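Each chain, written out:
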Amino acid sequence: MRLVLDAMGGDHAPDAVVDGGVLFARAYPGHELVLVGDATRVRPVLERAGAPANVHLHHASEVVEMDDPATAAFRRKRDSSIRVGFELVRQGEASALVSAGNSGAVMAGGMWTLGRIPGVERPAIAALFPALKGEGRCLLLDAGANVDCRPSHLAQFAVLGEAYSRTRLGVKRPRVAVLSNGEEESKGTQLTREASALLRRSDLEFVGYVEGKDLFSGDVEVVVTDGFTGNIVLKTSEGVGMGITGLLRSAIEKRGGLPEKLGALLLKPTLAGLRRVMDYAEYGGAPLLGLQGVGIVAHGRSSPRAIHNALVTALQHVRAGVQEELTRCIANAAAWLPPHQRGRKADGDDGND
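Presented here is an overview of the structure given in this document. (Residues numbered from 1 in each chain as written. Predicted model: local features only at pLDDT ≥ 70, side-chain atom pairs only at ≥ 80, totals over all residues. Heavy atoms only, no water.)

### Brief notes about the overall build of the protein chain
Part 1 of the reasoning: Looking only at helices and strands, the protein chain features 12 helices and 12 strands.
Part 2 of the reasoning: Out of the 353 residues belonging to the protein chain, those deemed buried represent 55%.
Part 3 of the reasoning: Within the protein chain, residue pairs in contact and separated by at least 24 positions form 73% of the contacts whose partners lie at least 6 positions apart.
Part 4 of the reasoning: Carbon together with sulfur atoms contributes 53% to the accessible area of the protein chain, which is approximately 15500 Å² in total. (Helix = DSSP H or I, 4+ residues; strand = E, 2+ residues; numbered from the N terminus. Buried < 20%, exposed > 50% of the residue type's maximum accessible area, 1.4 Å probe, protein only. Contact = heavy atoms within 4.5 Å. Areas by Shrake-Rupley, 256 points an atom, 1.4 Å probe, with all protein chains shown as cover.)

Below you can see the structure in the form of structure tokens.
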């Protein structure tokens, strides 16, 4: 299999991205990795890292910066690493693209270059959360690709998320819910109420509304919301994870006694395990579901380990046959989903990841 990695995407590109790509290439010598980016900047990093023979460099002269307006930059910068990378996927020269760059540009690039699965109005970023029980994982979508959504979008996200959870995560019968400010049917907004009405007509295991805390409870495996809310939930959860570790360390240092130090020493393996569970780098990247091809969005601050894991996510996505199942499920959902609505389009996310 051949994967494409956007060497210019992310806050620490190209160094951290190239190092992560080399880690992956060494761990998976049976597959090829194509680094797309400015050869004058990428080649010295490759040489320093001692890249193996299954790593290749494909030159792209332009970069979509993190603060660029996503759609405009993608259209204007025709030789950007994101656009060139997606072209390689479209032409069948690669199976998937991974980028830690401007998430809005990755979204725009995927839609413009690969197109959408028939029946999908808007692709969604699917972010994975740890859960306390059940399957131990919960999928949230959309996590930032679409700020303004319609009820049909959320219903489509539910179909995509349920298919991904079954095919890629191995959940036999994923429970699906809509994120709201309470579990009662009277809560929520017009968007959530109309989306729930659609999902009640589906053949999904729809359980109604859940609150933010239920992302971690294990009571559901798929939660859908608009990208504005989803991105706030994602970033808040990241902050909570870092905050807990920092507060514990601060409390131990403030007390400074022998019992606290001994307790910290005994808890060190447990806290390290907790940090791994909550660390985005362990999950690597979030798939952009709904494209006619595989696009993985990695965190803008990705380390080499995070890039490595994002590439593993892409590899497993292709191996599991996720794309075929997404296409099949969306086609079957036409029986209860409304036809595509014409007129006002939902806005994409032109912000930074």
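### Section: the nonpolar core
Part 1 of the reasoning: Counting 38 residues, the largest nonpolar core has V4, V36, I82, I125, F129, L215 and V223 as the members making the most contacts within it.
Part 2 of the reasoning: Considering every element that reaches this core, the biggest residue donor is helix 4 (residues 81-90), with five residues.
Part 3 of the reasoning: Setting aside its immediate chain neighbours within four residues, L215 contacts F129, P130, A131, C138, L140, V223 and V233.
Part 4 of the reasoning: Of all hydrophobic cores here, the second largest spans 36 residues; its members include A158, L289, C329 and A333. (Core = buried A, V, L, I, M, F, W, Y, C linked by side-chain atoms within 4.5 Å.)

### Section: the sheet that holds strand 4 (residues 96-99)
The strands making up a sheet associate through backbone hydrogen bonding, with each pair oriented either parallel or antiparallel.
Part 1 of the reasoning: Read across the sheet, seven strands follow the order 3-2-1-4-12-11-5 without closing on themselves; strand pairing throughout is mixed. With one partner strand each, in any of the chains shown, strand 3 (55-59) and strand 5 (124-125) form the two edges of the open sheet.
Part 2 of the reasoning: Two strands pair when backbone bridges link them, and strand 2 (residues 32-37) and strand 3 are joined in this way by five bridges, in the parallel orientation. Its bridge partner lying in strand 3, L35 is registered against L57. (Pairing = 2+ DSSP bridges.)

### Describing the pattern of salt bridges
Part 1 of the reasoning: Going through the model one piece at a time under the given rule, you end up with 16 salt bridges.
Part 2 of the reasoning: We note a salt bridge from E325 to R328, for which the minimum N-O separation is 2.7 Å. Separated by three residues within a single helix, E325 and R328 lie in helix 12 (residues 322-332), roughly one turn from each other. (Salt bridge = Lys/Arg side-chain N within 4 Å of Asp/Glu carboxyl O.)

### Some points on helix 12
Part 1 of the reasoning: Where helix 12 is concerned, the buried positions are V322, Q323, E325, L326, C329 and I330. Projected down its long axis, helix 12 carries its buried residues within an arc of 165 degrees, all on one side.
Part 2 of the reasoning: Of the surrounding elements, those touching the buried residues of helix 12 are helix 6 (151-167), strand 11 (285-289), strand 12 (294-298) and helix 11 (304-319). (Arc of directions from axis to C-beta.)

### Describing unusual backbone geometry
For residues other than glycine, phi is negative in most cases, and the peptide bonds are mostly trans.
Part 1 of the reasoning: Here the amide bond leading from A13 into P14 is cis, since omega sits at 0 degrees, within 30 degrees of zero.
Part 2 of the reasoning: As for its position among the elements, P14 is in the loop between strand 1 (2-6) and helix 1 (15-27).
Part 3 of the reasoning: A cis amide bond links L141 to the next residue, D142, at an omega of 15 degrees.

### A word on the side chain of S99
Part 1 of the reasoning: As for its position among the elements, S99 is in strand 4.
Part 2 of the reasoning: With a relative accessible area of 0%, S99 lands in the buried category.
Part 3 of the reasoning: Excluding residues that lie within four positions of it along the chain, S99 makes contacts with D6, I82, V106, I296, V297 and A298.

### Examining the sheet that holds strand 8 (residues 175-179)
Part 1 of the reasoning: Ordered in space as 6-7-10-8-9, the five strands form an open sheet in which the pairing is mixed. Taken across any chain shown, the strands that pair with only one partner, and hence form the sheet edges, are strand 6 (127-130) and strand 9 (205-210). Going from strand to strand, the sheet's axes swing by 25 degrees on average, the running direction of each strand aside.
Part 2 of the reasoning: For strand 8 and strand 10 (residues 222-224), the ladder comprises three bridges, and the chain directions are parallel. What sits directly across from A177, in strand 10, is V223.
Part 3 of the reasoning: Packing against the sheet, helix 6 makes contact with strand 7 (137-141), strand 8 and strand 10, and its axis sits at approximately 160 degrees to strand 10.
Part 4 of the reasoning: Strands strand 8 and strand 9 of the sheet are contacted by helix 7 (residues 190-200), whose axis makes an angle of about 165 degrees with strand 9. (Axes fitted to C-alpha atoms, helices over the stretch in contact; angles between N-to-C directions.)

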